[in-house]
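Observations on the three-dimensional arrangement
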Amino acid sequence: MNRTEQPAPATPAHTCFTLRFSSTPRGARLARRLCAERLDSWGVPYGSDDHDVLSLLVSELTANAVTHGHVTGRDFRVHLLAHAAPGTPSLTVRVEVTDTRGDALPEPAAAPAAGPVRTSGRGLLLVEALADRWGCAPRPDGPGKTVRAEYTVAAVARYGPSAAPS
C-alpha cells in the first residue's frame, strides 16, 4: 500500500523553549546564542532583520537580568514562546526573562506621550522601541520579576524536507 505523508510544518502553531542560565555575562551570552539557534529552527533565519531584532531583545533582557536582577547563587530563566495564527505566515514570538530580584520593577510608558521608561540605562529603551509590546510582572512562584517582550515576524521561512535551505 502506498502512503503519502505531508511534512509537518516547520513552525508549529504553538511552541516554546525554556532554559535556566547562570546569572553571569557568560550565561547571558549563552542564552542569546541558544535562543538565536532556536529562532532559526523556527523559521526566523540568521541574518534576517527579524532574527536580529529578536536576538537583540533576548540580549537586552538577559543583560538586564544579569546586571540589575542578579542575586548571588540564583539563576535567571529565559522562556521563548512562538505562536503562529492558523492560515497566516506570521509568527509572534514572546521573550520572557525571569530573575530572582523583585525590588526594582521597570515600568513601560503608558503611552508614547507619557515619557520614557523609568529605568537607568538604555537597554529597556531599545526594548520599548523594537518590541510590539513589552511589560513586567512580579514572579508568581517566588521572589523576583519577569520582563517580557513580544515581536511579530511577518513571514516565516518554511524549512522542511522539500524546502530545506542549501
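First things first, this report covers the structure right here in the doc. (Residues numbered from 1 in each chain as written. Predicted model: local features only at pLDDT ≥ 70, side-chain atom pairs only at ≥ 80, totals over all residues. Heavy atoms only, no water.)

**Some words on the environment of Val 66**
Here Val 66 is to be found in helix 2 (residues 49-68). Separated by 41 residues in the primary sequence, Val 66 and Pro 25 have C-alpha atoms spaced 6.7 Å apart. In contact with Val 66, not counting residues within four places along its chain, are Ser 23, Thr 24, Pro 25, Ala 28 and Phe 76. (Helix = DSSP H or I, 4+ residues; strand = E, 2+ residues; numbered from the N terminus. Contact = heavy atoms within 4.5 Å.)

**A few points about the packing of helix 1 (residues 25-41) against helix 2**
Where helix 1 meets helix 2, the axes come as close as 9 Å, and the angle between the chain directions of the two elements is 155 degrees. Taken together, helix 1 and helix 2 sit at an angle that is classed as roughly antiparallel. Every pair of crossing elements has a handedness; the one defined by helix 1 and helix 2 is right-handed. In this structure, helix 1 contributes Pro 25, Ala 28, Ala 31, Arg 32, Cys 35, Ala 36, Leu 39 and Asp 40 to the contact, and helix 2 contributes His 51, Leu 54, Ser 55, Val 58, Ser 59, Thr 62, Ala 63 and Val 66. Tallied by class, residues from the contact of helix 1 with helix 2 come to 10 nonpolar, 4 polar and 2 charged. (Axes fitted to C-alpha atoms, helices over the stretch in contact; angles between N-to-C directions. Parallel < 35°, antiparallel > 145°, perpendicular 65-115°, else oblique. Left-handed = near helix turned anticlockwise from the far one by under 90°. Nonpolar A, V, L, I, M, F, W, Y, C, P; charged D, E, K, R; others polar.)

**Things to note about the nonpolar core**
By size, the foremost hydrophobic cluster in this structure holds 33 residues, and its most contacted members are Leu 54, Leu 57, Leu 61, Phe 76, Leu 80 and Leu 91. Those elements that place two or more of their residues in this core are strand 1 (14-21), helix 1, helix 2, strand 2 (76-83), strand 3 (91-99), helix 3 (123-130) and strand 5 (145-153). Ranked by the residues each element gives to this core, the list is headed by helix 2, at 7 residues. (Core = buried A, V, L, I, M, F, W, Y, C linked by side-chain atoms within 4.5 Å. Buried < 20%, exposed > 50% of the residue type's maximum accessible area, 1.4 Å probe, protein only.)

**Considering the side chain of Glu 96**
Inspection of the secondary structure puts Glu 96 in strand 3. In this structure Glu 96 comes out as buried when scored by relative accessible area, which is 18%. Here Arg 94 takes part through its side chain, which lies 3.1 Å from a polar atom of the side chain of Glu 96. Not counting residues up to four positions away in its chain, the partners in contact with Glu 96 are Arg 77, Val 78, His 79, Thr 146, Val 147 and Arg 148. (Polar contact = N/O pair within 3.5 Å; in protein donor to acceptor, adjacent residues only side chain to side chain.)

**Notes on a nonpolar patch on the surface**
On the surface, Leu 19, Leu 30 and Leu 34 cluster together into a nonpolar patch covering about 220 Å² of accessible area. Its location among the elements puts Leu 19 in strand 1. Exposure remark for Leu 19: the relative accessible area of 34% places this residue in the partly exposed category. (Patch = residues over 30% accessible without salt bridge, like charges linked within 9 Å, V, L, I, M, F, W, Y side chains within 5 Å. Areas by Shrake-Rupley, 256 points an atom, 1.4 Å probe, with all protein chains shown as cover. Salt bridge = Lys/Arg side-chain N within 4 Å of Asp/Glu carboxyl O.)

**Notes on the sheet that holds strand 5**
As summarised here, the arrangement of the 5 strands in space is 1-2-3-5-4, forming an open sheet in which the pairing is antiparallel. This sheet does not close on itself; its edge strands, each paired only once, are strand 1 and strand 4 (133-138). Strand-to-strand twist in this sheet, taken as the mean axis angle between neighbours without regard to direction, amounts to 15 degrees. Examined bridge by bridge, strand 4 and strand 5 share 6 bridges and lie antiparallel to one another. Among the inter-strand pairings, Arg 133 is bridged to a residue of strand 5, identified as Glu 150. Contacts between helix 1 and the sheet are confined to strand 1, strand 2 and strand 3, with strand 1 contributing the most and set at about 160 degrees to the helix. Contacting strand 2, strand 3 and strand 5, helix 2 runs over the sheet at an angle of about 175 degrees to strand 5. (Pairing = 2+ DSSP bridges.)

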